[in-house]
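Okay, here's what each chain looks like letter by letter:
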Amino acid sequence: MKRKTIKAEMWDKVQYIFKNYYDGMMHCAFEYEGIVDEEVMRKALKQVVDKIDVLHSSFVASPISPYWVVNYDYTDADVLTVVEDDDFIAQIQKILTRRIDCRGKLQFEFTLLIGKGRSMLCFLINHMCFDGRDFISFGKTVCETYNGLKADPNYQAKVKCGTRSAKQVYRDLPPELAKKAKMLYKNVSRTNIKLKFPFEPDKDTDKSHIMRVELEAEALAKAKARGKKDGFTVNDIYLAAFFRAIVKFFNGVDGKTPTEITSMLDLRRYLKGNDTDGYTNLTSYMPCKLTDGAGDSFAETLQRVKTALKPHKENPLLGLSGLPLMALAYQIFPFAISQLAVKIGYTNPLVGMSNIGIIKSEYIDLVDAPAMNAFMTGTVKFKPYMQVACTTFKGAATFTISERCSDKDLETMKAFLEYMTGIIRDYGEEKI
């Protein structure tokens, strides 16, 4: 009997090709007050996973055209591991820094941590399957299913199961804009600015780490309020704080040094309902280049960020440049050759930011265990690449750097994030 296969979509291939730059995993943790019902959560996860074929598939990197082979020989026991331990911090680091082999039977590892009357639901998912926006959607669907099963044992998960194709980004555009978008072959990933985070050069003792620093809800609310009054968005504020931290920590960088941060951009903005038909990756890059440097003060940096982003924000096809070029490479070349073409043509950003978004409490609250905290991170980068990721929960922002690095690098990353969040806090307090 022939096994079911799924076509590998554009960003599946890109994530696979860039596996030497980062671990390719997405990480998430929801913390709960009380003990989550293990069996109901296991059943909820199994229902949701069953309906998302790519999560229970094996990737086949065929030299001509790669694809996924769908697996059905997995059980309820396979979808959830339960660990009892009071030390959540140590367990989170251990669980969320693992790496899943895309050739394996399942593209995820889910763990339920239980200790001291609390629970922590940890998700590790291969980024080839979908992006951060759909990661939030996935977590919401799992929690909805858990709550549904608590009320009715016969409840069935409601899961989107449509196309994973990146081409859907053009579907709802006006015809003339769609035609123009499909001709945007310019590659926006390339840059002549090569600034690097001050990592230790020695890689012999490097291990995967997730460094987290939280900005309290009150501090973020004050920064947002002042930003609104001054005419700046939250993203402007985050980027400006990031640039100031670069000036302080990066070797040889001052306020006059050309600097650049590349942000990840969610392309669901072009879809009706702002959602894809199926679980997939639908992202792009938005560079913020300060050609004349970040300036000498936070106020100056903020203004320069706003000016640099203005043409991007006014672009009706923001983020769509380069997608046709990438699609063309996969279309005209066998995969073995297109891998080389994409590596040559596309540059993985040395310094990036991903504002993954808001995890709403009502999305993940369980009927028998209210959510206390939640965060998501991007992939674990490999030196010299680095990325600051951010999620917001109950008004508080969690900033993370996920990196394969040394213990000394970890200290630098912590200082970097604390400095960055300190600037945002000071801005809200009108100290700068």
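First, a word on scope: everything that follows refers to the structure included in this document. None of these values were measured; they are calculated from a predicted model.

**As for the overall build of the protein**
Of the regular secondary structure elements, the protein holds 13 helices and 15 strands. In summary, the protein has a C-alpha radius of gyration of 21 Å against a globular reference of 22 Å for 432 residues, a match within 12%. Along the longest, intermediate and shortest principal axes, the C-alpha atoms of the protein span 60 × 55 × 50 Å. Buried positions account for 58% of the 432 residues belonging to the protein. Here the analysis covers contacts within the protein between residues at least 6 apart in sequence; of these, 79% occur between residues at least 24 apart. Just so you have it, the protein exposes about 18,700 Å², and 52% of that area is on carbon and sulfur atoms. For the protein, the separation between the mean place of its 61 positive charges and that of its 54 negative charges on side chains is 7 Å.

**Describing the nonpolar core**
Core analysis: the largest hydrophobic core is formed by 138 residues, its most contacted members being Phe30, Phe138 and Phe416. Counting residues per element, this core draws most heavily on helix 8 (residues 234-249), which supplies 11 residues. With residues near it in sequence (within four places) discarded, Phe416 still touches Phe197, Phe242, Ala245, Ile246, Phe249, Phe250, Met386, Val388 and Ile401. Judged by nonpolar contacts, the second largest core, of 10 residues, contains Ile92, Leu96, Ile210 and Phe375.

**Observations concerning the side chain of Thr379**
Turning to its location among the elements, Thr379 is positioned in the loop between strand 12 (371-377) and strand 13 (381-382). Setting aside residues no more than four positions away along its own chain, Thr379 makes contact with Tyr22, Asp23, Gly24, Met25, His27, His127 and Ser402.

**Focus on a positive patch on the surface**
Taken together, Arg190, Lys194, Lys196 and Lys203 make up a surface patch of like positive charges. Locating Lys194 in the fold gives a position in the loop between helix 6 (175-181) and strand 8 (207-215).

**Comments concerning the sheet that holds strand 4 (residues 67-70)**
On the basis of which strands lie adjacent, the open sheet formed by 3 strands has the order 1-4-3 and antiparallel pairing. At either end of the open sheet lies a strand with only one pairing partner, and these are strand 1 (5-7) and strand 3 (57-60). Averaged over all neighbouring strand pairs, the angle between strand axes comes to 30 degrees, with direction disregarded. In this structure, strand 3 lies alongside strand 4, joined through 4 bridges in antiparallel fashion. Each bridged residue has a counterpart across the sheet, and for Ser58 the counterpart in strand 4 is Val69.

**Points about the packing of aromatic side chains**
Geometrically, a pair of aromatic rings is defined through the distance of the ring centres and the angle of the planes. Summed over all chains, the structure comprises 25 aromatic pairs. Taken together through their ring pairs, the aromatic side chains of Phe30, Phe108, Phe110, Phe123, Phe130, Phe135, Phe138 and Tyr279 make up a single cluster. Sitting over the ring of Tyr16, Lys19 keeps its end group 3.9 Å from the ring centre. Directly above the ring of Tyr279 sits Lys160, whose terminal nitrogen or CZ lies 4.9 Å from the centroid.

**Topic: helix 9 (residues 298-313)**
The end-to-end C-alpha distance of helix 9, which contains 16 residues, comes to 21 Å, matching closely the 22 Å that a straight helix rising 1.5 Å per residue would cover. Those residues of helix 9 lying buried are Phe298, Thr301, Leu302, Val305, Ala308 and Leu309. Taken together, the buried residues of helix 9 touch helix 8, strand 10 (283-290) and helix 13 (407-428).

**As for the environment of Ile246**
Considering the arrangement of structural elements, one finds Ile246 in helix 8. Overall, the relative accessible area of 1% leaves Ile246 in the buried class. Measuring from C-alpha to C-alpha, the distance between Ile246 and Pro198 comes to 9.7 Å, with 48 residues separating the pair along the chain. Contacts of Ile246, omitting those with residues within four sequence positions, involve Leu195, Val253, Thr259, Ile261, Val351 and Phe416.

**Notes on the side chain of Asp206**
Summarising the element assignment, Asp206 is placed in the loop between helix 6 and strand 8. Reaching out from Asp206, the side chain makes a polar contact with the side chain of Lys383 at a distance of 3.2 Å. In this structure Asp206 touches Lys383, Arg404, Cys405, Ser406 and Asp409, once residues within four positions along its chain are discounted.

Parameters and conventions
- Residues numbered from 1 in each chain as written.
- Predicted model: local features only at pLDDT ≥ 70, side-chain atom pairs only at ≥ 80, totals over all residues.
- Heavy atoms only, no water.
- Helix = DSSP H or I, 4+ residues; strand = E, 2+ residues; numbered from the N terminus.
- Rg over C-alpha atoms; globule rule 2.2 N^0.38 Å.
- Buried < 20%, exposed > 50% of the residue type's maximum accessible area, 1.4 Å probe, protein only.
- Contact = heavy atoms within 4.5 Å.
- Areas by Shrake-Rupley, 256 points an atom, 1.4 Å probe, with all protein chains shown as cover.
- Lys, Arg positive; Asp, Glu negative; His and termini not counted.
- Charge placed at Lys NZ, Arg CZ, Asp CG, Glu CD.
- Core = buried A, V, L, I, M, F, W, Y, C linked by side-chain atoms within 4.5 Å.
- Patch = residues over 30% accessible without salt bridge, like charges linked within 9 Å, V, L, I, M, F, W, Y side chains within 5 Å.
- Salt bridge = Lys/Arg side-chain N within 4 Å of Asp/Glu carboxyl O.
- Pairing = 2+ DSSP bridges.
- Axes fitted to C-alpha atoms, helices over the stretch in contact; angles between N-to-C directions.
- Phe/Tyr/Trp six-rings, centres within 6.5 Å; stacked < 30°, edge-to-face > 60°.
- Lys NZ or Arg CZ within 6 Å of the ring centre and 35° of its normal.
- Expected span 1.5 Å × (residues − 1).
- Polar contact = N/O pair within 3.5 Å; in protein donor to acceptor, adjacent residues only side chain to side chain.

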